[in-house]
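Analysis of the macromolecular model
Listed here are the chains, written in short residue letters.
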Amino acid sequence: GAVVSQHPSWVICKSGTSVKIECRSLDFQATTMFWYRQFPKQSLMLMATSNEGSKATYEQGVEKDKFLINHASLTLSTLTVTSAHPEDSSFYICSASDRRYYNEQFFGPGTRLTVL
Amino acid sequence: AQTVTQSQPEMSVQEAETVTLSCTYDTSESDYYLFWYKQPPSRQMILVIRQEAYKQQNATENRFSVNFQKAAKSFSLKISDSQLGDAAMYFCAWRSTGNTGKLIFGQGTTLQVKP
């Protein structure tokens, strides 16, 4: 099956620093990648959708200058949390899809971000 | 706008028994996909079952089956012979057949399986 990886699986950083999270599709080319944020015991909240080679489309209320998304290749998308603050602490999940798989989303294992 | 509602925040079931998780949705589209995802304590999202709206037959995957009522916009998940490993958070989700591929998730139901 299609496998999506995320790196790192967890990260702790100081307030004011930037953190980059990578999302890779390992055995397929992902034309579209999605980034979600999830708080404990809550649902997944879609942050943005990115298509390879295009600017990401952000959901309403998501600060695009704070959460920078780059989808530079068909197998890699990155989420950079800039000037992180404690309220950015959360679980971030990416997913990847491709038309050849009927746009089915395959999820990464997630990244736990803790901002001190 | 499409919405997905799971009205049961928590459910519990005895091991080997059957449990049904509820999901309702709202959409004006006639063709779409519906999904149930499982999120165990590891937090890896796992696809449990998929239903295509144009198919009248309810999807089944081993111990997991759905009751898809298109007119009522209802999509419940039945887990038979519940196992301890079924304990997880379950999310119902809707997706258009269009190119965006965006998933609309319900609030989730936490399932506890008692030995």
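Attention here is on the structure that accompanies the text.

Cut-offs used in this document
Per-chain numbering applies: the sequence of each chain, read as written, is numbered from 1 onward. To read the labels, note that chains go from A and ligands from 1, taken in the order they are written. Local features in this predicted model are restricted to residues of pLDDT 70 or higher, and side-chain atom pairs are both shown and tallied only at a pLDDT of 80 or more, whereas totals for entire chains, interfaces and linings draw on every residue. Hydrogen atoms and water are omitted, and side-chain values are computed over all heavy atoms in the structure. Note on aromatic pairs: the rings of Phe, Tyr and Trp (six-membered ring only in Trp) are paired at centre separations within 6.5 Å, and the planes decide the class, stacked below 30 degrees, edge-to-face beyond 60, tilted for the rest. For helices the rule is a DSSP run of H or I covering at least 4 residues; for strands it is a run of E covering at least 2, with both sets numbered from the N terminus onward. Exposure is judged per residue with a 1.4 Å probe applied to protein chains only, and the accessible area is read against the type maximum: over 50% gives exposed, under 20% gives buried, and values in between give partly exposed. The term polar contact refers here to a pair of N or O atoms within 3.5 Å; inside protein, the definition further demands a hydrogen-donor-capable atom paired with an acceptor-capable atom, and it admits residues adjacent in sequence only when both atoms are side-chain atoms. Every residue pair with non-hydrogen atoms within 4.5 Å of one another is taken to be in contact. The salt bridge criterion pairs a side-chain nitrogen of Lys or Arg with a carboxyl oxygen of Asp or Glu, the two atoms within 4 Å. When DSSP finds two or more bridges between a pair of strands, those strands are recorded as paired. Note on terminology: disulfide denotes any pair of cysteine sulfur atoms within 2.5 Å.

This brings us to the packing of aromatic side chains. Residue and element names in this part refer to chain A. Here the structure, examined in full by the defined rule, presents 14 aromatic pairs over all chains. Both rings, one in tyrosine 36 and one in phenylalanine 107, keep their centres 5.8 Å apart while their planes meet at 40°; by these two values the pair is tilted. With a gap of 71 residues between them, tyrosine 36 in strand S4 (residues 32–38) and phenylalanine 107 in strand S10 (residues 106–107) connect regions that are remote in the sequence. Given a relative accessible area of 0%, tyrosine 36 falls into the buried group. For the ring pair phenylalanine 67 and tyrosine 92, a centre distance of 6.3 Å and an interplane angle of 45° mean the geometry is tilted. In this pair, phenylalanine 67 is assigned in strand S7 (residues 67–73) and tyrosine 92 in strand S9 (residues 90–97), connecting sequence segments 25 residues apart.

For the rest of this paragraph, the subject is the side chain of threonine 109 of chain B. Residues and elements named next belong to chain B. Considering the arrangement of structural elements, one finds threonine 109 in strand S12 (residues 109–114). Of the polar contacts made by the side chain of threonine 109, one reaches the backbone oxygen of glutamine 8; its length is 2.6 Å. Beyond its immediate sequence surroundings of up to four residues, threonine 109 is in contact with Gln6, Gln8, Pro9, Glu10, Met11, Leu21, Ala88, Met89 and Tyr90.

Below, the discussion takes up the pattern of salt bridges. Residues and elements named next belong to chain B. With the rule as written, the count across this model stands at 7 salt bridges over all chains. Notably, a salt bridge pairs arginine 63 with aspartate 86, separated by 2.8 Å at the nearest N-O pair. One end of the pair, arginine 63, is in the loop between strand S7 (60–61) and strand S8 (64–69); the other, aspartate 86, is in the loop between strand S9 (74–79) and strand S10 (88–96), with 23 residues separating them in the sequence. Exposure class is identical for arginine 63 and aspartate 86. Each is buried.

Within a regular strand, the side chains alternate between the two sheet faces. Residues and elements named next belong to chain A. Most of strand S8 (residues 76–81) sits inside the fold, with 6 of its 6 residues counted as buried. Burial along S8 is two-sided: Leu76, Thr78 and Thr80 facing one way and Ser77, Leu79 and Val81 facing the other are all buried. When strand S3 (residues 19–25) meets S8, the two strands line up antiparallel, connected through 6 bridges. Along S8, the bridge assignment pairs arginine 24 with leucine 76. With 5 bridges joining them, S7 and S8 adopt antiparallel strand pairing.

Note: disulfide means a covalent bond formed between the sulfur atoms of two cysteine side chains. All names here are of chain A. In the structure shown here, the tally under the stated rule is 2 disulfides over all chains. Bridging cysteine 23 to cysteine 94, the disulfide has an S-S length of 2.0 Å. Measuring the twist about the S-S bond at about 80°, one finds the cysteine 23-cysteine 94 disulfide to be right-handed. You can see cysteine 23 sitting in strand S3 and its partner cysteine 94 sitting in strand S9, a full 71 residues away along the chain. Residue class for cysteine 94 comes out buried when judged on its relative accessible area of 0%. The closest cysteine sulfur to the non-disulfide-bonded cysteine 13 is located on cysteine 94, 18 Å from its own sulfur. Classification of cysteine 13 by relative accessible area gives buried; the value is 8%.

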